[in-house]
Each structure stands twice: as C-alpha cells, then as structure tokens.
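# Residue-level structure breakdown
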Amino acid sequence: MLDAGQGGLGQALWADSPRGLVDRALASLPQSSPSPAVRALLGRVLMSSGTAPQAGKDARNFLGLRLERLALLGDGKHADAMATLPTALDDAGGAEAWARLSLLTGDGAACDQMADLQKRFSDGEIQMLGVVCQVRGGSTDNIMFSLDIMREQGVKDDGFSRLAEVAAGGQKGALKGFTAVSAEAVALARAMNRGLPAEVPSAQILALNPAAAAAVADLPDTAAALKLAAGDRAASYGTLPPAALAPLYKAAKVSPNDLKNAVGVADKRQGADQRAILYQALTGETIPSLKGAILAKAVDVSDPALLAGAWGDLLAQELEGLAPGPALKDLAPAATRLLLLQNRRDLAQPWFELARQSAQDAKEGKPLQAYLRLVPLAVLGGLLPSDGANWAQWLDAVKADADAPSRLRAASILALLTAAGEKVDPLLLARTAPVVEAPGVIPDAASWLRLDQSVTVPRRGEVAVLALAELADAGPAATTPTVTAHALSALTGVGLKDDARRLALEAVAVLAGP
C-alpha cells in the first residue's frame, strides 16, 4: 500500500466521506481507461493506505472492493500485493476479479487459494476459474463435473465449455469449433498452452478486457492478425508493455509498397494496421531526414492517449536516436508533443527550443504556427512559464476571433490551463468569451455540486474518485472540456496538481491539434 511519502493520498483521504457515496463512485468508474493519466491516478487512489470510510452492516469489504477495481485495471503486480493483505479475499467480487487476472497473466497465484475460494464462494464464476486451475495443475478428472455445476448455476459460456471439454478429453491438434471468446476462455487457453483458432473474429478480441487481450497476444500458435489486434488493444489500456508490443507490430503482414510509402499510406489505414506500417517503416529507415518524416506522421495521426502510452514509448525510443538540429526542424513540433505526453521533459526541451528557433527564423508561416500550437503543452509540461508565453500571438495563431468554433477551442484550452493551476490573465479569458459550448454529456447537478463540496472540506479520496467518474470511460481527451475543466479544478483544489496537469496535457493536445 502507498503512504503519503510514496505517492498515496494520505491517511485521511476518506475522512468523513459517506461510504455509500464512495462505493457508488468506485462502481461507476470504468473498468479501465485509454488515458494513462486516468489509470495512474486511479491506481494511486486504490493503493493508498488510509482509514476506510465508515461502513454500514451490509457494505462490502472495502479492501475487497478496491482489489476488484485494481484487478479490473489489469495491474497484476499491485493486485497480487493487495490480495495478500488480511480480509482482502473475503469479498467475492474482489477475490474473483483478482483470481481471473492472476490466471490471465499466467502467474497462477490464485490457484494456491482456489480450494478455499470455492468453499466460500460457490457461484459459477469461481467454478470456471477452478477449472482453469485444474488444467494448470494437470488434473482434469473433475472437469466434466465442474461443467455440470456451472450449467446448474445457469452459467453459459460456449467457448469456455468447448475448451474445457477439449482439455478433459486430452485432444491434441489445433483448437477449432468456437468463435466466442471470453476472458475465462482465454485464461483456460493459456493454461492449456494452446492458441486461439483463426476463425475467431477480431471483433471478439477487441471486446475483451485489457488483461485478457494481453494474454491473447502472448498465446502460442495464434494467428498474427489476432495477436496484433489483441496486443494493440492491451497496450492502449496499459496492460501490455512496449517491449511486448514491438514484436507484434514487426510481425504484421505489410506489403513492400506500403513500407516504401508509409507516410502516404498511413492516412488510408486505421488502428493497429496503421501503427504496424508506420513502426516497420520507422525501424527499417536509417536516413535521419526520412526517419524524421515517418516519426512526425506517426505523431500527427495518433491520439494523445496513445502517444502517452506504450505506442508513444516505442516512438520515443526511435526518437532518441535522432539529434535535434536544423536538418530535423520540421520534426521538432511533433517530437516536443510526443515527449511531453511521455512525461520526458528532459528530452523535450531541446526539440522545443529547435521549434522556437525555427519559428523565430521564419517569422511567419507554418513553422510559426506549429510552434505556437505547442505553447499550451509547453506550459503544462514545464518547458515554458505561463507569463513567458506570448498569449496574444497564440490567440491570433489559433484564430480565436475567426468564428465560434475557433473561439470555443481557444477558450477551452485556456480554461483547462487555469483548472490545472496555471495563472492565465483574465483578459485572455475575456477575449474568448462569451461562447456557448457544443452539447455534450454533463454530469447530473447533484454529482457536480457534491464534487465542489468535497473540495471545500477537503476529502481527497472522494474528490479523486468523483473527478475520475466525471471523465468517464473516454478520459480527458474525449470528454467535453467543461466537464474536464471542472474535474481538473477539483483535483488542483485538493493538492493533486501534478495529476491535473497530466490529465490536462492529454485534453489540450487534442484541442491544440498536431
């Protein structure tokens, strides 16, 4: 567990917070998030040691509830650590979520506890996980009996049942005969050390939870296309490290013509296919100027959340081999953006200075526009003090006075900077007002007010989970700026300014554009 000196939110993070509110807020959070900043803050909240909020007699075990949320994030290392704490496995939801994750990651620690878990929790889910442990242990005699119990309890998972029957019968050869894949079926395939059949639709893989997707990417004898789809999804949600993602991109089938024109082809492709083409072209290119052009394209077509995660890490590794200089001035804006999202301020600084020098030399045109679009990111990333930015010039560059959408975008960026703790001249905000924001999903009035009230107490844990709940599944990059600014302002108000700035970077990177 994390105490305040290790990044925790403090012993009193739940002080005076109503337990029912905390439980509902935790339950409303997404299982995971495409935003690395959201995942990092949520993980810290869940791992923070502190006095639990006062519980009623029917409340769930608070440690078990947090274990469940941590396991759903796919954080196997910390979930295993939390599972060893007294009472952590007394909660059915927490115990089952941890056991499923343990079997998906392949460490199998849950199997040491499985007999006890099955005695205490007799539902069908734990029976399925027990079957996985039987296969891991090489004992398949009771599998059919377990399947009968599952059917009696109304558990229906055709893919899992088919795999279990294969395991019980000792059948050899490639798996076939099923196309529906659940997380439990993936855990069983991993225990059997068998790959998924090629007929499994990619849509099934993309619907898996991130930990299950990471497991598919590691299964033997699985079609490269399925492994690529699984690995790309897992990496997007933080459950597959860059070192495991790179081989999947390299193994993807890419035509020689696409590699020769990767920059042009990238606009016609999407998702994992697009990233595989760009990565193969990038790692195969040795001429710095051409490598820089591919890198710039990869940054321009990628979502900020991806650039902040494993995909951005791979790009940053390639960037480390290039030295900032006049020959690569066109790469400088994209390199700065990438490295700031990767939280690599040390490496971003020289690229930012190169972009600034190019803008000064050009005095107008594309280099100046590219540099000015970086200004809000540079302020949030600590490369440029807010009072050192020429905001009037920036407002001109983003055409804040051109039309309502441009004015709204500029106002939203300034509001996000302010919410993240930056001092923005009120006159700048006045120049972009009044505007009416386009319709978006706004939290209910009670939740909005409760978050404001929690800041004034302050209740750090409560503020963190309520703010994350406002950002919903999509994270700051895809949440309406009004809501994102409200959440950031709350986090800043209880001393979580660094988290607010990381969240703001992802949001501003979308608004500022490449």
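Preceding block: the structure.
The structure contained in this document is the topic of the report that follows. Every value quoted in this text rests on a predicted model; they were computed, and no experiment measured them.

Once that is clear, we can look at the state of the cysteines. By the definition in use, this model includes one disulfide. Between Cys-111 and Cys-133 runs a disulfide, and the two sulfur atoms are separated by 2.1 Å. The chirality of the disulfide connecting Cys-111 with Cys-133 is left-handed, given an S-S dihedral of about -95°. Here Cys-111, found in the loop between α5 (92–105) and α6 (114–120), pairs with Cys-133, found in helix α7 (residues 124–136); they are 22 residues apart in sequence, far enough to count as distant. On the basis of relative accessibility, which here comes to 23%, the residue Cys-111 falls in the partly exposed class.

Moving on, we come to helix α23 (residues 366–380). Along its length, α23 shows its largest kink, about 35°, at Leu-374, and proline Pro-376 lies within four residues downstream of that point. Counting buried residues in α23 gives 11 out of 15 residues, a clear majority hidden from the surface. Contact partners of the buried residues in α23: α21 (332–341), α22 (345–362), α24 (391–397), α25 (404–419) and α30 (497–512). Gly-382 sits one or two residues past α23 and shows a positive phi near 80°.

Scanning the model with the defined rule gives six aromatic pairs in all. Seen from their ring centres, Tyr-249 and Trp-311 are 5.5 Å apart, and the 80° between their planes marks the pair as edge-to-face. Of this pair, Tyr-249 sits in helix α14 (residues 242–251) while Trp-311 sits in helix α20 (residues 310–319), placing them 62 residues apart in sequence. Of the two residues, Tyr-249 and Trp-311, both sit in the buried class. The interplanar angle of 35° and the centroid separation of 5.5 Å between the aromatic rings of Phe-352 and Tyr-371 together place this pair among those described as tilted. Here Phe-352 is found in helix α22, whereas its partner Tyr-371 is found in helix α23, with 19 residues between them in sequence. One exposure class covers both Phe-352 and Tyr-371, and it is buried. Within the aromatic cluster, the residues linked to one another by ring pairs are Tyr-249, Tyr-279 and Trp-311.

Definitions and limits used
The numbering scheme is per chain: residues are counted from 1 as the chain's sequence reads. Local features in a predicted model are, by the rule used here, given only for residues with pLDDT of at least 70; side-chain atom pairs are given and counted only at 80 or more, and totals for whole chains, interfaces and linings are based on all residues. Excluding hydrogens and water, the side-chain values take into account all heavy atoms of the structure. Cysteine sulfur pairs qualify as disulfides if the two atoms are within 2.5 Å. Helix numbers and strand numbers start at the N terminus; a helix is a DSSP run of H or I with at least 4 residues, a strand a run of E with at least 2. The cut-offs for exposure are 20% and 50% of the maximum accessible area for each residue type, with area from a 1.4 Å probe on protein chains only; residues under the lower value are buried, those over the upper are exposed, and the others partly exposed. Fitting axes to the seven residues that end at a residue and to the seven that start at it, the angle between those axes gives the bend at that residue. Note on contacts: a residue pair is in contact if any heavy atoms of the two residues lie within 4.5 Å. Centres within 6.5 Å make a pair out of two Phe, Tyr or Trp rings, where for Trp the six-membered ring is used; the pair is then stacked when the planes are under 30 degrees apart, edge-to-face when over 60, and tilted otherwise.

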